[in-house]
Every structure is written in C-alpha cells, then in structure tokens.
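Structural description and commentary
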Amino acid sequence: QTVLSQLYHINNVEVISVIDSTNQYLLNNIDKLNSGDTCLAEYQQAGRGRRGGKWFSPFGTNLYLSMYWRLEQGPAAAMGLSLVVGIVIAETLIQFGCGDVKVKWPNDLYINDRKLAGILVEMTGKTGDVAHIVIGAGINISMKSDPLSVINQHWTSLYQEGIVVDRNEFSAAVIENLRHALTIFEIQGMAPFLPRWHVLDNFLNKPVKLIIGEREVFGIERGINEFGALLLEHEGEVKAWVGGEISLRAA
Ligand code: BTN
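Residues numbered from 1 in each chain as written. Predicted model: local features only at pLDDT ≥ 70, side-chain atom pairs only at ≥ 80, totals over all residues.

1. Points about the overall build of the protein
Note the following rule: Think of it this way: any DSSP run of H or I at least four residues long counts as a helix, any run of E at least two long counts as a strand, and we number them from the N terminus. To sort residues by exposure, count the other C-beta atoms lying within 10 Å of each residue's C-beta; 20 or more gives buried, 12 or fewer gives exposed, and values between give partly exposed, all with C-beta atoms placed from the backbone. Note that contacts rest on C-beta atoms placed from the backbone: two residues are in contact if these are within 7 Å.
Helix and strand counts for the protein come out as four helices and twelve strands. By principal-axis analysis of the C-alpha atoms, the protein measures approximately 55 × 45 × 30 Å. Put simply, the protein has 251 residues, and 37% of those count as buried. Taking the intrachain contacts of the protein between residues at least 6 apart in sequence as the baseline, contacts between residues at least 24 apart amount to 63%.

Okay, structure coming up:
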C-alpha cells in the first residue's frame, strides 16, 4: 500500500491527510489558485458526490483529487470540460492496464457496469464571466469492501479488477494528463476529444433511456456533440440533451 507523497517531480500539488472535501478546500481558496493547482487527500470526512450525494472516502485506499481550472469561455463550457476529465481519467486507467474501462455520460467511469470512478465539477462565476472551476475526481484504487453498505450502487475498484497501481505514479499521471488535455480544451474546445469519447462510450449505438425527473425518454444513444450534449435518436430524429438532472441508463 503506497502512501501519497508530495509527488516532487510535479509542481503545485498539495497532499493533505484528512479534509472535509478536497473540492470544498479548493472552493474555499479559489482566489489564490492558478489553473492546474491540485490537492489530494488520504481521507475525506464529507466527500461529496453529484446531486447532493455523499462520496464514500475511506482512508488511504482510493484517490480523492481536486484540480482548479480557470475557464475564459465561462460556465457554459463546463459541460465539455467535465467530459474531457472523464476521457482523460479513463485513458490514464487504460495506460495503467485497466483495458475494460468505459465512460457513461456525463462522466462516470465504469467497468462491466460497476462504477470505478466519479467526477464532480463545481464552479463559481456568473454567466458570461470567466468560470472558476473545481474538478473533483474520486477513483477507487484498492478499496476491498463496503462493510456498512454506504455505497448505494454497484461499485468496483482497481483491486477488485485485479489491477495493482502505485497511487503516487497513478495520481501524477492523472494530474499531468489532465493539465495537458485541459490546455488543449481551452484552445480547441471539444473537437479533438469527440473521437476519443466515442471509443470509450459505454452506450454508443445502444438502446438507452434518459430519466429527467419524472419523465423517461427511450432511444438509441448516438454519442455526444461539440458542446458535450448527449445525442439521442428517438422516433427517427437525433436530439441533443444537456443538463445536470438527466441520468442515462441501459434500456
Ligand atoms: C459522483 O457522484 O459520481 C462524483 C463523485 C466525486 C468525488 C470526488 S472525491 C474528490 C472530490 N472531493 C469531493 O468532495 N468530491 C470529489
């Protein structure tokens, strides 16, 4: 079991032992940050998931990472940015031997229908202004069990999949790959990432349903567009869907 260390060969990374939430920590310090600044923790007392959920964050076993990014394009571009984060983490996992990883729109990482990692993007900044973005990623590395059944979904970890990684090497690679990809995204937008998404997309050309509040829409998933919206073919027509309240399921 590796202990997270200061990753001396890469700059602007802070490693913390115990924190409420690495996302909250960066949000609290947002005025002092530069794009790419990162913090990692061994344990989160109040790890946050999407839609107000909690993120189970046991000590020393997983990766809890947050990175700040200043987005000149403003909050509207954040959707695309969060998809890029999913792509980069999936590709880094593949680089470390995890060949079966897939992305599920908007940005969950799955192996054989079990969740390996989740991404939570939070931001400050008004429409039209520069967006100050905190990208949070929780990646299950060597978690072996969930004795209290805190996790209310099918989950897995690299350990459960028979993959051993050095957490320091893996986190350094994730950080470097993210910084590189987000620099490209800032200049070129989603275009360079669309083919990369399609390779990893769990549901591409498969029957799915979208759940939007009380409503369900069935169709065939046709990937994403240049804004990061989900493309769904329904009654012969392809429509783009965006919004944090939509969930995607197999149908
Ligand atoms: C999800 O619900 O799938 C998103 C989970 C995101 C968890 C990460 S762990 C590091 C960062 N800090 C948090 O409090 N949450 C994110």
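The discussion continues.
2. So, the site of the ligand
The condition is simple: We call a residue near a molecule or strand when its C-beta atom, built from the backbone, sits within 6 Å of it. Each residue gets one label: Ala, Val, Leu, Ile, Met, Phe, Trp, Tyr, Cys and Pro are nonpolar, Asp, Glu, Lys and Arg are charged, and the others, such as Gly, are polar.
In the vicinity of the ligand there are 20 residues, among which S21, G49, G118, G136 and G138 approach most closely. Elements that contribute at least two residues to the shell around the ligand include exactly α1 (22-28), β3 (63-71), β6 (114-124) and β7 (131-139). Residues that form the shell around the ligand fall into these classes: six nonpolar, eleven polar and three charged.

3. Topic: the domain arrangement of the protein
As a reminder of what qualifies: Residue ranges for the domains originate in an automatic or database domain assignment.
Each assigned domain of the protein is listed with its residue range as follows: domain 1 (13-199) and domain 2 (203-250). The centre of domain 1, based on its C-alpha atoms, is set 23 Å off from the matching centre of domain 2. Across the boundary between the two partners, domain 1 contributes eleven residues, which contact ten residues of domain 2. Mapped onto the side of domain 1 that touches domain 2, the elements with two or more residues apiece are α2 (78-95) and α4 (194-200).

4. What about the confidence of the model for the protein?
Formally: Per-residue confidence from the predictor is given as pLDDT, running between 0 and 100.
Of all residues in the protein, 97% attain a pLDDT of 70 or more, and the chain-wide mean is 92. Ranking the helices and strands of the protein by mean pLDDT puts α1 first, with 97, and strand β12 (residues 246-250) last, with 88. In the predicted complex, the global pTM is 0.94; the interface-specific ipTM is 0.99.

5. Structural notes on the environment of Y64
Examined against the element boundaries, Y64 turns out to sit in strand β3. For Y64, a count of 24 C-beta atoms within 10 Å corresponds to the buried category. Separated by 76 residues in sequence, Y64 and N140 place their C-alpha atoms 8.8 Å apart. Discounting chain neighbours no more than four positions away, the residues touching Y64 are T22, L40, A41, Q44, G47, S57 and G138.

6. Describing α2
In an α-helix, one full turn covers 3.6 residues, which means residues spaced three or four apart are oriented alike. We count it as follows: Every helix has an expected span of 1.5 Å times one less than the residues it contains.
In a regular helix each residue adds 1.5 Å, so 18 residues correspond to 26 Å; α2 covers 26 Å between its end C-alpha atoms and thus fits that length. α2 sits mainly inside the fold: 14 of its 18 residues count as buried.

7. What to know about the nonpolar core
Convention followed: Note on definitions: a nonpolar core is a set of buried residues drawn from Ala, Val, Leu, Ile, Met, Phe, Trp, Tyr and Cys, linked by C-beta atoms within 7 Å.
Core analysis: the largest hydrophobic core is formed by 60 residues, its most contacted members being L81, V84, V85, I89, I133 and I135. The leading source of residues in this core is α2, at eleven residues. Counting contributing residues, this core receives three or more from each of domain 1 (13-199) and domain 2 (203-250). The residues touching I135, leaving out its near neighbours within four places in the chain, are S66, M67, W69, V85, I119 and V121.

8. Re the pairing of strand β8 (residues 207-212)
Test applied: What makes two strands pair is DSSP finding at least two bridges between them.
As paired strands, β8 and strand β9 (residues 215-224) are joined by six bridges and run antiparallel to one another. Bridge pairing in β9 places I212 opposite R215. As consecutive antiparallel partners, β8 and β9 are separated by two residues, and within that stretch G213 has a phi angle of approximately 60°, a positive value. Relative to β12, β8 runs antiparallel, the two sharing five bridges. Each residue of the ladder has a partner; that of L210, found in β12, is L248.

9. Digging into the sheet that holds strand β11 (residues 237-241)
This is how the line gets drawn: To get an axis, fit a line to the C-alpha atoms, keeping to the stretch in contact for a helix; angles then go from 0 to 180 degrees between the N-to-C directions.
An order of β11-β10-β9-β8-β12 is seen for the five strands of this open sheet, with the pairing classed as antiparallel. Two strands close off the open sheet at either side, each with one partner strand: β11 and β12. Adjacent strand axes in the sheet meet at a mean angle of 45° when their direction is disregarded.

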